[in-house]
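# Architecture and fold: a report
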Amino acid sequence: MTKPYNKPRVIISSLDTERLEQLIKSLSDMSFPGKDDLEVELARAEIVEPEDVPTTVVTMNSTVRFEVDSSHEEFCLTLVYPWNVDTSGEKISILAPVGSALLGLSQGDEIEWPKPGGGMLRVRIKEVTYQPERSGEYHR
């Protein structure tokens, strides 16, 4: 039996918050159906200065290693702004529902991930393998 899904605590840097609010304002509701979800995540987030973001938190441009709960399969993705998405399959846009759900989560947190073809998977953040703030990149 799977346990109920509770939304984990969210921490977002003031720089990411400012940039994401500008991005949201630039989009029409038609071009971004998940706009409300991203706004809800930003509204519930604890906003901190970039220098104060814990090193285990997913920020914009972070690379994250995940584990699928049911199969223990692992994969990595980088959370990016929409203009940085490419065809590599290694990046996920903040505008994707899973992208906005990832922002501000920490190592060890779990989220529900849509499966191709329908249904959901429970996915755990195993490691934030790269985080700009941890690397001293505060003004990217």
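In short, a report on the structure. Quick caveat, the model's predicted, so the values are computed rather than measured. Along each chain, numbering runs from 1 in the same order as the chain's sequence is written. Selection of residues for local features in this predicted model requires a pLDDT of at least 70, selection of side-chain atom pairs for listing and counting requires 80 or more, and totals for whole chains, interfaces and linings are taken over all residues. Processing note: side-chain calculations cover all non-hydrogen atoms of the structure and skip hydrogens and water entirely.

## Regarding the pairing of strand β4 (residues 74–80)
One ladder, built from 5 bridges, connects strand β3 (residues 63–68) with β4; its direction is antiparallel. From the neighbouring strand, Glu67 faces β4, where its bridge partner is Glu74. By definition, two strands form a pair when at least two bridges between them are found by DSSP. Helix numbers and strand numbers start at the N terminus; a helix is a DSSP run of H or I with at least 4 residues, a strand a run of E with at least 2. Between β3 and β4, which follow one another and run antiparallel, lie 5 residues, and His72 among them has a positive phi close to 65°.

## A closer look at the packing of helix α1 (residues 14–26) against helix α2 (residues 35–44)
How two helices pack is summed up by the angle between their axes together with the distance between the axes. Axis definition: a line fitted to C-alpha atoms, limited for helices to the stretch in contact. Angles are taken between N-to-C directions and run from 0 to 180 degrees. The geometry of α1 relative to α2 is characterised by a closest axis approach of 11 Å and an angle of 155° between their N-to-C directions. Taken together, α1 and α2 sit at an angle that is classed as roughly antiparallel. Taken as a pair, α1 and α2 cross one another with a handedness that is left-handed. Two secondary-structure elements touch here, α1 through Leu20, Glu21 and Ile24 and α2 through Lys35, Leu38, Glu39 and Leu42. The nonpolar class holds Ala, Val, Leu, Ile, Met, Phe, Trp, Tyr, Cys and Pro. Asp, Glu, Lys and Arg form the charged class, and all remaining residues, Gly among them, are polar. When the residues that make up the contact of α1 with α2 are grouped by side-chain class, the tally is 4 nonpolar, no polar and 3 charged. Note on terminology: angles under 35 degrees are roughly parallel, angles over 145 are roughly antiparallel, angles of 65 to 115 are roughly perpendicular, and the others are oblique. Crossing handedness follows the turn of the near helix against the far one: under a right angle anticlockwise gives a left-handed crossing, and clockwise gives a right-handed one. Every residue pair with non-hydrogen atoms within 4.5 Å of one another is taken to be in contact.

## With respect to α1
The end-to-end C-alpha distance of α1 is 19 Å, a good match for the 18 Å that 13 residues give at a rise of 1.5 Å each. To sort residues, take the accessible area from a 1.4 Å probe on protein chains only and compare it with the maximum for the residue type: under 20% means buried, over 50% means exposed, and anything in between is partly exposed. The complete set of buried residues in α1 reads Leu15, Asp16, Thr17, Leu20, Leu23 and Ile24. Where α1 is buried, its residues touch β1 (11–13), α2 and β2 (46–48). Expected span of a helix, by definition, is 1.5 Å for each gap between consecutive residues, and there is one gap fewer than residues.

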